[in-house]
Amino acid sequence: MTKQRIALITGATSGIGEATARLLAQNSFNLILCGRRKDRLDRLQQELQKLTKVTTLSFDVREKENVANAIQSLDDTWKPIDVLINNAGNAHGLAPIQSGDVADWDAMIDINVKGLLYVSHEILPEMVKNNSGHIINIGSIAGKETYPNGNVYCASKFAVDAITKGMRMDLNAHGIKVTAIHPGLVETEFSKVRFKGDEERANAVYKGYQPLNPEDIADLILFALTRPAHVVVADLVVFPTAQASSRSEERRVGKECRSRW
Ligand code: NDP
Ligand code: 8X3
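These remarks concern the structure in this document.

Reading the values: the criteria
Residues numbered from 1 in each chain as written. Chains lettered and ligands numbered in written order. Predicted model: local features only at pLDDT ≥ 70, side-chain atom pairs only at ≥ 80, totals over all residues. Heavy atoms only, no water. Salt bridge = Lys/Arg side-chain N within 4 Å of Asp/Glu carboxyl O. Helix = DSSP H or I, 4+ residues; strand = E, 2+ residues; numbered from the N terminus. Buried < 20%, exposed > 50% of the residue type's maximum accessible area, 1.4 Å probe, protein only. Near = heavy atom within 4 Å. Polar contact = N/O pair within 3.5 Å; in protein donor to acceptor, adjacent residues only side chain to side chain. Areas by Shrake-Rupley, 256 points an atom, 1.4 Å probe, with all protein chains shown as cover. Nonpolar A, V, L, I, M, F, W, Y, C, P; charged D, E, K, R; others polar. Axes fitted to C-alpha atoms, helices over the stretch in contact; angles between N-to-C directions. Left-handed = near helix turned anticlockwise from the far one by under 90°. Contact = heavy atoms within 4.5 Å. Parallel < 35°, antiparallel > 145°, perpendicular 65-115°, else oblique.

Points about the pattern of salt bridges
Within the structure shown, the criterion is met by 13 salt bridges. For Lys3, the salt bridge identified is with Asp82, shortest N-O distance 2.9 Å. Of the two residues, Lys3 is situated in the segment before strand 1 (6–9) and Asp82 in the loop between helix 3 (64–72) and strand 4 (83–86); the sequence distance between them amounts to 79 residues. According to the relative accessible area criterion, Lys3 is exposed, its value standing at 52%. The salt bridge involving Asp161 is made with Lys144; its shortest N-O contact spans 3.3 Å. With Asp161 in helix 5 (residues 151–171) and Lys144 in the loop between strand 5 (133–138) and helix 5, this residue pair connects regions lying 17 residues apart in the sequence. Taking relative accessible area as the criterion, Lys144 reaches 29% and is therefore assigned partly exposed.

Points about the site of ligand 1
Lining the immediate surroundings of ligand 1 are 30 residues, of which Thr13, Ser14, Arg36, Tyr153 and Thr188 lie closest. At 3.0 Å, a backbone N or O of Gly11 approaches an oxygen atom of ligand 1. The contact in question runs from an oxygen atom of ligand 1 to an N or O atom on the side chain of Ser14, over 2.6 Å. Its free accessible area being 880 Å², ligand 1 has 98% of it covered by the protein chains. Elements with a minimum of two residues in the shell around ligand 1: helix 1 (15–26) and helix 5. Counted by class, the shell around ligand 1 contains twelve nonpolar, twelve polar and six charged residues.

What about the packing of helix 3 against helix 4 (residues 102–130)?
Interaxial distance between helix 3 and helix 4 falls to 9 Å at its minimum, and their mutual angle equals 35°. In this structure, helix 3 crosses over helix 4, and the sense of that crossing is right-handed. Between helix 3 and helix 4, the contacting residues are Lys64, Val67, Ala68, Ile71 and Gln72 on the first element and Tyr118, Val119, Glu122 and Ile123 on the second. Here the residues of the contact of helix 3 with helix 4 are counted per class, giving six nonpolar, one polar and two charged.

As for the packing of helix 4 against helix 5
Axis separation between helix 4 and helix 5 bottoms out at 8 Å; the angle between their running directions is 15°. With respect to helix 5, the element helix 4 is oriented roughly parallel. For the pair helix 4 and helix 5, the crossing hand works out as right-handed. Seen from helix 4, the contacting residues are Trp105, Met108, Ile109, Asn112, Val113, Leu116, Leu117, Ser120, Leu124 and Val128; seen from helix 5, they are Asn151, Val152, Tyr153, Ser156, Lys157, Ala159, Val160, Ile163, Met167 and Leu171. Of the residues belonging to the contact of helix 4 with helix 5, the class tally is 15 nonpolar, four polar and one charged.

Below you can see the structure in the form of structure tokens.
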């Protein structure tokens, strides 16, 4: 019988991470679900453990020691981790660089870049030792094209793109697959976080056209994870059909194109 793979998903409490947890649970992965909101982790664990084995780790990816302690606290039944999905992340603010909020900049660099590195640092040595594993980094179209007022969020996702390429080169000799998925606009809690709870502003981002759903990205993650051993999906950019680019964010509203700026 083939061993069920163990996948650790960061940012499993909402959006893309939560949809991925559901889909992987339906497809025989055992799951380590991570996020800060423990109540949500507990609820998701309750739901998904009817389908598969699930454990949870509640930590802030910015806290280096907590990341290490949490992952090291896993008992041997949760090792080795076969799949790491580095998904936790958010945009904080949308402002010209000259009026950017330094706390927002810190949050984006600390979560989207350093957090991804801290989690990877805890998991990679075991993958290297076993000469197997699969890392999936969730980048963004913002990591391929900069857009007005996106400055530091875009920089954080350009960094994810660069780290992914570096990981692929360094881990290649160890048989570890590295995939990046770069979505365009996906309707999740992302805009609520970006606009600090301003629901009206957040909802306006997705008005008048059909954005991607978190399930669309989960599908691509499962696709990447289920290719044969000799195939790696390296880099995927995915838009909603109504979006043509990050910079102008051309969303079709009827026959017109609309920009958020
Ligand atoms: P959500 O806001 O719905 O989910 C973000 C997830 O990240 C939550 O589970 C949250 O968990 C977790 N998270 C945020 N900060 C931290 C932290 N400091 N420590 C631990 N976990 C954290 O957004 P999405 O699902 O859309 O975002 C997931 C990824 O997709 C992000 O990397 C985002 O940049 C990327 N992306 C999103 C797009 C979109 O349009 N939505 C498009 C392109 C990429 P909790 O708060 O419980 O800690
Ligand atoms: C999220 C998509 O275009 O809002 O990464 O930056 S975008």
